[in-house]
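Here is how the chains run, residue by residue.
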Amino acid sequence: MFLIDSHIDHTKVKTTIIAQRETAIAQAITTATNTDLVVLAGKGEDAYQKINGVDTPYASDPVVAQDVIDSLADES
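These notes cover the structure that comes with them.

What counts and what doesn't
Residues numbered from 1 in each chain as written. Predicted model: local features only at pLDDT ≥ 70, side-chain atom pairs only at ≥ 80, totals over all residues. Heavy atoms only, no water. Core = buried A, V, L, I, M, F, W, Y, C linked by side-chain atoms within 4.5 Å. Buried < 20%, exposed > 50% of the residue type's maximum accessible area, 1.4 Å probe, protein only. Helix = DSSP H or I, 4+ residues; strand = E, 2+ residues; numbered from the N terminus. Contact = heavy atoms within 4.5 Å. 1 Å grid on protein atoms, 1.4 Å probe; cavity = no way out; pocket = protein on both sides within 12 Å on 5 of 7 lines; lining within 4 Å. Points joined across faces, edges and corners; volume = space filled by probe spheres on them. Nonpolar A, V, L, I, M, F, W, Y, C, P; charged D, E, K, R; others polar. Pairing = 2+ DSSP bridges. Patch = residues over 30% accessible without salt bridge, like charges linked within 9 Å, V, L, I, M, F, W, Y side chains within 5 Å. Areas by Shrake-Rupley, 256 points an atom, 1.4 Å probe, with all protein chains shown as cover. Salt bridge = Lys/Arg side-chain N within 4 Å of Asp/Glu carboxyl O. Lys, Arg positive; Asp, Glu negative; His and termini not counted. Charge placed at Lys NZ, Arg CZ, Asp CG, Glu CD.

## Concerning the nonpolar core
Reasoning step 1: Ranked by size, the top nonpolar core spans five residues in total: Ile-25, Ile-29, Val-64, Ala-65 and Val-68.
Reasoning step 2: Looking at this core, the elements that each hand over two or more residues are α2 (21-31) and α3 (61-75).
Reasoning step 3: A total of three residues in this core trace back to one element, the largest contributor, which is α3.
Reasoning step 4: In this structure, Ile-25 is in contact with Leu-40, Asp-61, Val-64 and Ala-65, ignoring residues within four places of it in sequence.

## What about unusual backbone geometry?
Glycine aside, negative phi is the norm for most residues, and most peptide bonds take the trans geometry.
Reasoning step 1: Phi angles above zero are rare outside glycine, and Asn-52 is one such case at about 50 degrees.
Reasoning step 2: Mapping Asn-52 onto the fold places it in the loop between β1 (48-51) and β2 (54-57).

## Here we look at the layout of surface pockets
Reasoning step 1: Taken as a whole, the largest pocket encloses approximately 1000 Å³ of empty space.
Reasoning step 2: Residue contributions to the lining of the largest pocket peak at six residues, all from α2.
Reasoning step 3: Split by residue class, the lining of the largest pocket holds 16 nonpolar, five polar and five charged.

## Some words on the pairing of β1
Along a regular strand, successive side chains alternate from one face of the sheet to the other.
Reasoning step 1: Sheet topology note: the β1/β2 ladder contains four bridges and is antiparallel. The partner of Ile-51 across the bridge, within β2, is Val-54.
Reasoning step 2: Joining the antiparallel neighbours β1 and β2 is a turn of two residues, in which Asn-52 adopts a positive phi near 50 degrees.

## A short note on a negative patch on the surface
Reasoning step 1: A cluster of like negative charges, contributed by Asp-67, Asp-70, Asp-74 and Glu-75, occupies part of the molecular surface.
Reasoning step 2: Among the secondary structure elements, Asp-70 is positioned in helix α3.

Right under this line is the structure:
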């Protein structure tokens, strides 16, 4: 993540690094305005991620995003 950030021109764009994927997705969605576009660029809809060499189940980015959107609808 820091390697990618090192190639960004910070005079042209504001960046925020959030290491916890679910937190980052939630913040991106909940702070977006009607003129913003949220792009989840990740590894896709794999059912597992490797953690210390172990296949560990996790919710994919679209599932996490939908959960955040559903929670916002529940608050309305």
